[in-house]
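# Observations on the three-dimensional arrangement
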Amino acid sequence: MKIKGRSISKGVAPGKALISKQKISFLGAVDPTTGIIVDKSMAIYGKEINNRILIFPGGKGSTVGSYVIYQLKKHGKSPCAMINRRADTIVAVGAIIAEIPVVDSLEIDPIEDELIWDGEEVYVNGTEGYIELR
Amino acid sequence: MYPDNRYDMHLTKEEEQIYEGEEGWTKKKAMEILVAIGDINHASKLIQIKTAHVSGVSYKTIGEAFEFINSLEGRVEVKSTLNPIGMDIEKWDEMGISKEFANKQTEVLAAYKKLGISADCTCIPYLIGNAPGKGEHLAWAESSAVLYANSVLGARTNMEGAPSALAAALIGKTPFYGLHQAENRKPEIKVCVNCDLADADYSALGFMIGDLVGDKIPMIEIPSLPSKDELKHLSAAIGATGSVGMYHIRGITPESEAEGMESELSEEKIEIEKNDLEEFYALSRTREPDVIAIGCPHCSSRELKRIYELLKTGGEGRKVGKDFFIFTARAITQNNQTQRIIEKIENYGVKVICDTCFVVSPAFENYDCVLTNSGKMQRYVPLLCRGAKAMLCKTEECVRGAF
């Protein structure tokens, strides 16, 4: 099943989904050296985001969050791709400099419509702006 | 040739070539950032900018992300300035900065310099030769400077983040949306201040306004017009608590008198009384301060002179009894008169530090409570200085509190 969206950051990646219904403030919510969610107010608190397809509504908080995404990549702890309902500039810019594929504005809302289950295999094509469920 | 969904903006032939990587990796990355931001904000095109101001320079805040800056090549296309770094370039050792941090910070600075960015590290670029004119388009990070440029100088810039301002500097352009467009610069909510204000009252006012208006542009009605230094503090505090990049004050904001300017103003009105300010000061008085810090944003030469006069009156020849730091831009200190004033200030045991500030340097992390005239510090000290408190009071009281 192929679902069309919009290209935000280029590249392609397959991986297992990790879903957050809450927006993520990368500066403060994620440990840049371990990729673990350290914000206790989040439902995915304690989860590791590395090598997952991180699905969340969008980013929030400080613009330094973009550099946190870059640090995650340098430590080998970044998600392999991200899917947003609506990407914001913090996530978009972070993903572009870290070269992590990002797609947003899918035809079907991936969070609200419970399109994807936690751990499901997802393929993200950030270059052409679509995702595929296999 | 390319699928339609790659980007929505209109790019010129030349811009498209940069996007495709024909001018190298650095420009390709910068263009990708600008296009993504443009698309997210429904911009139709890119526009030329006159200057850029880049944040994300202190090694304390960016850490290993400096590798990204180090990997960039080429030169910026427009005059570009930098925000404060994590230490005084000349006196870092005296500040107690570790050799390791100093080396890393020097590398970060060198990476920016290599790109042609001016190494005057300050949050007040508009006071040291990067003052934009009315109607000029800019790409500035540093919220206090963005608010000042839009609201006091009538220039046009969105609130850029660290990488987006850098990308704009490298291309010389920014996406055309938000505060670049006249129709998005109108006031949306009225704030009536029903008492006279002076000095740090503007920090308190800005702190409250930012909190109350969020992303709505306020029209601030004040009985008397603030000075330039007071406008600087107002801008900094609004930027610290709000997410709006502009305010209007009649008689200050160049476009506030323009026809049709009030067409977006809602019926809603926020009233601020004298006792609101008093309550605000009282709330911040939590414990005994163990340090005094002035210069967030960096001090102007007028402020330095005023601090000297206050020290002279309050100190009567005595040295200060607490650690007391003043932060300013190196360029501000480079004239004979200001240098002599700084010498006199330092004779009271006060330290005048350039290129950095209390919040972005690791040198000030061992204090419990800081006395300051800055609303911006009140917001960021608890977040970035290991949970220390900041207590707001007028400049005069800050100086008095030191003896």
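## A look at the overall build of chain A
- The secondary structure content of chain A amounts to three helices and eight strands.
- From first element to last, N terminus to C terminus, chain A shows the α and β order β-β-β-α-β-α-β-α-β-β-β.
- In terms of C-alpha radius of gyration, chain A reaches 13 Å, essentially the compact-globule figure of 14 Å for 134 residues.
- With respect to the three principal axes, the spread of C-alpha positions in chain A is 35 × 25 × 25 Å.
- In chain A, once contacts between residues fewer than 6 apart in sequence are set aside, the share between residues at least 24 apart is 73%.
- If you sum the accessible surface of chain A, you get close to 5300 Å²; carbon and sulfur atoms cover 49% of it.
- Placing the 17 positive and 16 negative side-chain charges of chain A at their respective mean positions leaves the two points 4 Å apart.

## A word on the nonpolar core
- One finds A:Phe26, A:Tyr67, A:Met82, B:Tyr112, B:Leu166, B:Phe358 and B:Val381 to be the most contacted residues of the largest nonpolar core, which totals 99 residues.
- Mapped onto the domain boundaries, this core takes at least three residues apiece from domain 1 (13-182) and domain 3 (285-402) of chain B.
- Excluding its chain neighbours within four sequence positions, the residues that come into contact with A:Phe26 are A:Ile49, A:Leu54, A:Phe56, A:Lys60, A:Gly65, A:Val68, A:Ile69, A:Leu72, A:Met82 and A:Val91.

## Examining the interface of chain A and chain B
- Each side of the interface is counted separately: chain A has 24 residues, and chain B has 27 residues.
- Summed over both partners, the interface of chain A with chain B buries about 2300 Å², with 61% contributed by carbon and sulfur atoms.
- On the chain A side of the interface with chain B, the three residues burying the most area are A:Lys10, A:Tyr67 and A:Ile96, jointly 29% of the side's total.
- Taken together, chain A and chain B are joined by four salt bridges.
- Residue B:Glu67 is joined to A:Lys74 by a salt bridge in which the shortest nitrogen-to-oxygen separation is 3.6 Å.

## Let's talk about the packing of helix 8 (residues 201-213) of chain B against helix 9 (residues 228-241) of chain B
Residue and element names in this part refer to chain B.
- Packing of helix 8 against helix 9 brings their axes to within 7 Å, and their N-to-C directions diverge by 30°. Relative to helix 9, the element helix 8 is oriented roughly parallel. For the crossing formed where helix 8 meets helix 9, the hand is right-handed. Across the interface between the two elements, Tyr-202, Ser-203, Leu-205, Gly-206, Phe-207, Ile-209, Gly-210 and Asp-211 from helix 8 touch Glu-230, His-233, Leu-234, Ala-237, Ile-238 and Thr-241 from helix 9.

## Digging into the packing of aromatic side chains
- Scanning all chains against the criterion turns up 15 aromatic pairs over all chains.
- An angle of 75° between the planes, with centres 6.4 Å apart, marks the rings of B:Tyr59 and B:Phe66 as edge-to-face. One exposure class covers both B:Tyr59 and B:Phe66, and it is buried.
- These aromatic residues form a ring-pair network of at least three members: B:Phe325, B:Phe327, B:Phe358, B:Phe364 and B:Tyr367.
- A:Lys2 extends its terminal NZ or CZ atom over the ring of A:Tyr130, reaching a point 4.1 Å from the ring centre.
- The aromatic ring of B:Phe176 is capped on one face by B:Lys45, whose charged end is 5.1 Å from the ring centroid.

## Considering helix 11 (residues 301-315) of chain B
All names here are of chain B.
- The terminal C-alpha atoms of helix 11 lie 21 Å apart, and with 15 residues this matches the ideal 21 Å at 1.5 Å per residue to within 8%.
- Among the residues making up helix 11, those that are buried are Glu-303, Leu-304, Ile-307, Tyr-308, Leu-310, Leu-311 and Gly-315. Across the axial projection of helix 11, the buried residues extend over an arc of 165°, all falling on one side.
- Positive backbone phi, approximately 45°, marks Glu-316, located one or two places after helix 11.

## Digging into the sheet that holds strand 7 (residues 218-221) of chain B
All names here are of chain B.
- Reading across from one edge, 7-6-8 is the order of the three strands in this open sheet, with parallel pairing throughout. At either end of the open sheet lies a strand with only one pairing partner, and these are strand 7 and strand 8 (269-272). Each strand of the sheet is rotated relative to its neighbour by a mean of 20°, with strand direction disregarded.
- The sheet strands contacting helix 8 are strand 6 (189-193), strand 7 and strand 8, and the helix crosses strand 8 at an angle near 155°.

## Overview of the domain arrangement of chain B
Residue and element names in this part refer to chain B.
- One can read the domain layout of chain B as domain 1 (13-182), domain 2 (186-282) and domain 3 (285-402).
- Averaged C-alpha coordinates put domain 1 and domain 3 at centres separated by 27 Å.
- Each partner contributes residues to the interface: domain 1 has 24 residues there, and domain 3 has 26 residues.
- Interface area, domain 1 with domain 3, both sides summed: about 1800 Å², of which 59% is carbon and sulfur.
- Inspection of the domain 1/domain 3 interface yields five salt bridges.

About the thresholds
Residues numbered from 1 in each chain as written. Chains lettered and ligands numbered in written order. Predicted model: local features only at pLDDT ≥ 70, side-chain atom pairs only at ≥ 80, totals over all residues. Heavy atoms only, no water. Helix = DSSP H or I, 4+ residues; strand = E, 2+ residues; numbered from the N terminus. Rg over C-alpha atoms; globule rule 2.2 N^0.38 Å. Contact = heavy atoms within 4.5 Å. Areas by Shrake-Rupley, 256 points an atom, 1.4 Å probe, with all protein chains shown as cover. Lys, Arg positive; Asp, Glu negative; His and termini not counted. Charge placed at Lys NZ, Arg CZ, Asp CG, Glu CD. Core = buried A, V, L, I, M, F, W, Y, C linked by side-chain atoms within 4.5 Å. Buried < 20%, exposed > 50% of the residue type's maximum accessible area, 1.4 Å probe, protein only. Domains from an automatic or database assignment. Buried area = accessible area lost by both parts, 1.4 Å probe. Salt bridge = Lys/Arg side-chain N within 4 Å of Asp/Glu carboxyl O. Axes fitted to C-alpha atoms, helices over the stretch in contact; angles between N-to-C directions. Parallel < 35°, antiparallel > 145°, perpendicular 65-115°, else oblique. Left-handed = near helix turned anticlockwise from the far one by under 90°. Phe/Tyr/Trp six-rings, centres within 6.5 Å; stacked < 30°, edge-to-face > 60°. Lys NZ or Arg CZ within 6 Å of the ring centre and 35° of its normal. Expected span 1.5 Å × (residues − 1). Arc of directions from axis to C-beta. Pairing = 2+ DSSP bridges.

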